[in-house]
Amino acid sequence: MITLRAVSTGLAEGRAPLKVVWVKEGALLPQGEALDARLAGLLRRALEGAGLKAGESLLLYTEEGPVLLFGRGEDDRESGGRLAQALLKLAFPEALVEPLEDAYALAEGLFLGAYRFDRLKTKREEKALTLLLPGVSEALLERARRVAEGVYLARDLVNEPPNLLTPEVLAERALELRAFGVEVEVLDEKAIAELGMGAFLAVAQGSENPPRFIRLRYAPEGARARLDLVGKGLTFDSGGYSLKPTEGMATMKGDMAGAAAVLGAFKAAALLGLPVELRGYIAACENLVSGRAYRVGDVLKTLSGKTVEVMNTDAEGRLTLADALAYAEREGAERILELSTLTGAAVVALGEEVAALFATEPSWGEKVREAAQGAGEKVWPMPLEEAYREKLKSPVADLKNVGDRNGGAITAALFLAEFVRVPLVHLDIAGPAFARKAHALGPEGGTGFGVRTALKVAEALAG
Ligand code: BES
Ligand code: ZN
Ligand code: ZN
């Protein structure tokens, strides 16, 4: 647990069990300089030859009390994240932290870096850490805290194991957002069938755990724009009869990271009171193997009316999303931002840190790209290459659900684009949604990728 508080006294004069001073290439920032002056240059002398790199630290016991010299990197958010992780390992309950140039990014980084997922451990250490930030506004800290609440929710949902977070439980988690003023409706199997979501139901039919379709609406008075969010909600993806190898299945509890980002964005938007109407759609189910599971060769009727031949049961996300996207459009979406852990091919193309961005309309794509950049989330534009559309031709149905191995992230995106006419941005977050090891902004596991971008997009639309 981490608490951030704004204080008016500077780093040099303030009192706390620990003071944190930033260092880069041996140089201090102004408040650090002021403290160093009080200490007659002790900090500088300690730094000489120490060659402190980003994330490295030096703890000094001075006559002004303990001082932690901490190496900052290029990115203020990441510096904050690294500092929070380091402080949680030390025994100080409270520290005065010198602000960085981008105080907001620092605050967000401190919150994100302090995230832990230990609710399933029987022995867990409850550590409370309070950080005091001199000269920073309370409003800025409160904003960072609300954004982080959204990211924490998304991370928790991704980290929860698939035996505990079934489609029904995911829907219950969505319903909890009612407490924050979000309208939430959950459709059961029968309602999903009556609507005609044949593709979504086919993916879901192999599991004993029934699917749920989740609709969210956040409509504050005076909303200045509308944004529709769609998230992939596979609470577990075994691949189905096109079964994944064991290693490939290891992170598939996280195949609902798109849905988690949508829920996180709703929570934060409501906490922040963003003046934008948000709608959200999640088709939640599991992709399993059983005597009732869908097969390779099945032909499905989607909500849009188009038929799809299943040529690989592991390309299930696009089937669930086809129906969710068509539903969003039917509900009057003007523009859609869709997030999904859709393809391994996106990870091959861009690695584990960068999401692939596909847009059916350039200006909408550019808006999302700019928002992601502003939010500190890495995305890169990819082409919706028309020439590859023929890879999705089926001899028996309107479309098949896979192309060949080449350009797999692109054919997946082209498939989604078949189901909507309004401007669509598809973010393939298969890489950055799940961290295989600890990183600057958090531990291994769910990253909450997409929450901050979705919020920034909403803000940009509000103008
Ligand atoms: N959920 C996976 C994609 C994925 C892979 C997410 C790795 C995160 C990490 C998706 O449902 C899938 O299995 N896609 C297939 C598509 C293929 C069969 C065309 C893939 O990427 O292999
Ligand atoms: Zn799959
Ligand atoms: Zn999947």
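Residues numbered from 1 in each chain as written. Chains lettered and ligands numbered in written order. Predicted model: local features only at pLDDT ≥ 70, side-chain atom pairs only at ≥ 80, totals over all residues. Heavy atoms only, no water.

Visitor: When you look at the sheet that holds strand β12 (residues 299-301) in this model, what are you seeing that I'm missing?
Guide: Across a sheet, paired strands are connected by hydrogen bonds in the backbone, their directions being either parallel or antiparallel. Reading across from one edge, β12-β13-β17 is the order of the 3 strands in this open sheet, with mixed pairing throughout. At either margin of the open sheet sits one strand with a lone partner, and together these are β12 and β17 (399-400). Pairing of strand β13 (residues 307-309) with β17 involves 2 bridges; the strand directions are parallel. Within β17, the residue paired with Glu309 across the bridge is Lys400. (Pairing = 2+ DSSP bridges. Helix = DSSP H or I, 4+ residues; strand = E, 2+ residues; numbered from the N terminus.)

Visitor: Where do I start with the pairing of strand β14 (residues 336-340) in this structure?
Guide: Here is the key point about a regular strand: its side chains alternate between the two faces of the sheet. Counting buried positions over the 5 residues of β14 gives 5, a clear majority of the element. Residues of β14 alternate between two faces, with Ile336, Glu338 and Ser340 on one and Leu337 and Leu339 on the opposite face, all of them buried. Where strand β10 (residues 226-237) and β14 come together, 4 bridges link them in parallel fashion. Residue pairing in the sheet places Asp228 in a bridge with Ile336 of β14. Bridging between β14 and strand β18 (residues 424-428) involves 5 bridges; their strand directions are parallel. Paired with Glu338 across the strands is His426, a residue of β18. (Buried < 20%, exposed > 50% of the residue type's maximum accessible area, 1.4 Å probe, protein only.)

Visitor: How should the pattern of salt bridges be read in this particular structure?
Guide: Two side chains bearing opposite charge may form a pair once their charged atoms approach each other closely. Counted under the stated rule, the structure contains 37 salt bridges. Close ionic contact of Asp237 with Lys244 constitutes a salt bridge, the shortest N to O distance being 4.0 Å. As far as burial versus exposure is concerned, Asp237 and Lys244 are alike and both buried. Here Asp314 makes a salt bridge to Lys244, at a shortest N to O gap of 2.9 Å. Highlighted residues: Asp314 in the loop between β13 and α11 (317-330) and Lys244 in the loop between β10 and α9 (246-249), separated in sequence by 70 residues. (Salt bridge = Lys/Arg side-chain N within 4 Å of Asp/Glu carboxyl O.)

Visitor: Would you mind going over the coordination of the zinc ion (ligand 3) with me for this structure?
Guide: When four donors bind a metal tetrahedrally, each ideal donor-metal-donor angle is 109.5 degrees, and when six bind octahedrally, the ideal angles are 90 or 180 degrees. Coordination sphere of the zinc ion (ligand 3), protein contribution only: Lys232 (NZ), Asp237 (OD), Asp255 (OD) and Glu316 (OE), at 2.0 to 2.4 Å. Here the zinc ion (ligand 3) is ringed by 6 donor atoms whose angles at the metal span 77 to 172 degrees, and the overall shape comes out octahedral. Site description for the zinc ion (ligand 3): donor spacing in sequence, K-x4-D-x17-D-x60-E. Between the zinc ion (ligand 3) and the zinc ion (ligand 2), a spacing of 3.2 Å is present, and a bridge between the two is formed by Asp237. Of this pair, Lys232 sits in strand β10 while Glu316 sits in the loop between β13 and α11; the two residues are 84 residues apart in sequence, bridging distant segments of the chain. (Donors = N, O, S within 2.8 Å, 3.2 Å for Na, K, Ca; no water. Tetrahedral: all angles 85-135°; square planar, octahedral: opposite > 155°, others 65-115°.)

Visitor: I'm lost on the site of ligand 1 in this one. Help?
Guide: Lining the immediate environment of ligand 1, one finds 15 residues, of which Lys244, Asp255, Asp314, Glu316 and Gly344 sit closest. At a separation of 2.8 Å, an oxygen atom of ligand 1 approaches a polar side-chain atom of Glu316. Here an oxygen atom of ligand 1 and a backbone polar atom of Gly344 are 2.6 Å apart. Taking 520 Å² as the accessible area of ligand 1 by itself, protein coverage stands at 75%. (Near = heavy atom within 4 Å. Polar contact = N/O pair within 3.5 Å; in protein donor to acceptor, adjacent residues only side chain to side chain. Areas by Shrake-Rupley, 256 points an atom, 1.4 Å probe, with all protein chains shown as cover.)

Visitor: Just to check I follow, could you spell out helix α15 (residues 451-462) for this structure?
Guide: An α-helix turns once per 3.6 residues; consequently, residues spaced three or four apart project the same way. The end-to-end C-alpha separation of α15 is 17 Å, in line with the 16 Å expected for 12 residues at 1.5 Å each. With respect to burial, α15 is a largely interior element, 9 of its 12 residues being buried. When α15 is considered as a whole, its buried residues turn out to be Val451, Arg452, Thr453, Ala454, Leu455, Val457, Ala458, Leu461 and Ala462. Trailing α15 by a residue or two, Gly463 shows a phi angle of about 80 degrees, which is positive. (Expected span 1.5 Å × (residues − 1).)

Treat this as a map of the structure, not an account of what it does.
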